[in-house]
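What the coordinates show
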Amino acid sequence: MNVAGFVGVTDQELIVHAMRDAQLLLSEHIERGPTDAEETISQLLEILDRQDVVAATDRLCREHGLRPFK
């Protein structure tokens, strides 16, 4: 499978990588103190709302019969 330009990356690996990036970003935001929250949210969207991450999440949810929480 070719996901996010990497050959052999599974949906699970792609999602874990995105989550780790998001966690690192949040950690950096917390360490900096109350700075520009809008910029942090924008960067989180860049990580978590990427088309490949959303598609991988959708595929995994379908495969495992998961439904989004409301």
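Structural data are supplied above this passage.
The sections below set out a description of the structure shown in this document. (Residues numbered from 1 in each chain as written. Predicted model: local features only at pLDDT ≥ 70, side-chain atom pairs only at ≥ 80, totals over all residues. Heavy atoms only, no water.)

Regarding the overall build of the chain
The helix and strand inventory of the chain stands at three helices and two strands. Looking at the chain as a whole, 24% of its 70 residues are labelled buried. Taking the contacts inside the chain whose residues are at least 6 apart along the sequence as the reference set, 51% of them involve residues at least 24 apart. Counting every atom, the chain has about 5,600 Å² of accessible surface; 59% of that belongs to carbon and sulfur. (Helix = DSSP H or I, 4+ residues; strand = E, 2+ residues; numbered from the N terminus. Buried < 20%, exposed > 50% of the residue type's maximum accessible area, 1.4 Å probe, protein only. Contact = heavy atoms within 4.5 Å. Areas by Shrake-Rupley, 256 points an atom, 1.4 Å probe, with all protein chains shown as cover.)

Observations concerning a negative patch on the surface
Residues D36, E38, E39 and E46 make up a contiguous surface patch of negative charge. In this structure, E46 sits in helix α2 (residues 37-48). (Patch = residues over 30% accessible without salt bridge, like charges linked within 9 Å, V, L, I, M, F, W, Y side chains within 5 Å. Salt bridge = Lys/Arg side-chain N within 4 Å of Asp/Glu carboxyl O. Lys, Arg positive; Asp, Glu negative; His and termini not counted. Charge placed at Lys NZ, Arg CZ, Asp CG, Glu CD.)

Some points on the packing of helix α1 (residues 11-32) against helix α3 (residues 51-64)
It is the contact of α1 with α3, at a shortest axis distance of 9 Å, that shows an interaxial angle of 125°. As the angle between them shows, α1 and α3 are arranged oblique. Crossing of α1 against α3: the hand is left-handed. In contact with D11, Q12, L14, I15 and A18 of α1, α3 contributes D52, V53, A56, T57, R59 and L60. Considered class by class, the residues forming the contact of α1 with α3 number six nonpolar, two polar and three charged. (Axes fitted to C-alpha atoms, helices over the stretch in contact; angles between N-to-C directions. Parallel < 35°, antiparallel > 145°, perpendicular 65-115°, else oblique. Left-handed = near helix turned anticlockwise from the far one by under 90°. Nonpolar A, V, L, I, M, F, W, Y, C, P; charged D, E, K, R; others polar.)

Looking at the nonpolar core
In this structure, V9, L14, I15, A18, A22, L25, L44, I47, V53, A56 and L60 together form the largest nonpolar core, which totals 11 residues. Of all elements in the fold, only α1, α2 and α3 reach the threshold of two or more residues within this core. Ranked by residues supplied to this core, first place goes to α1 with five residues. Beyond its immediate sequence surroundings of up to four residues, A18 is in contact with I47, L48 and V53. (Core = buried A, V, L, I, M, F, W, Y, C linked by side-chain atoms within 4.5 Å.)

Regarding the packing of α1 against α2
Two packed helices can be described by the angle between their axes and the distance between those axes. At a minimum axis separation of 9 Å, α1 and α2 run at an interaxial angle of 170°. Comparing the axis directions of α1 and α2 gives the class roughly antiparallel. Facing α1, whose interface residues are A18, M19, D21, A22, L25, L26, H29 and R32, α2 presents A37, T40, Q43, L44, I47 and L48. Looking at side-chain class alone, the contact of α1 with α2 contains nine nonpolar, three polar and two charged residues.

Considering the pattern of salt bridges
Pairs can form between side chains of opposite charge whenever their charged atoms are close. A complete count under the given rule lists two salt bridges for this structure. Among the salt bridges present, the one from R50 reaches D52, with a minimum N-O distance of 2.9 Å.

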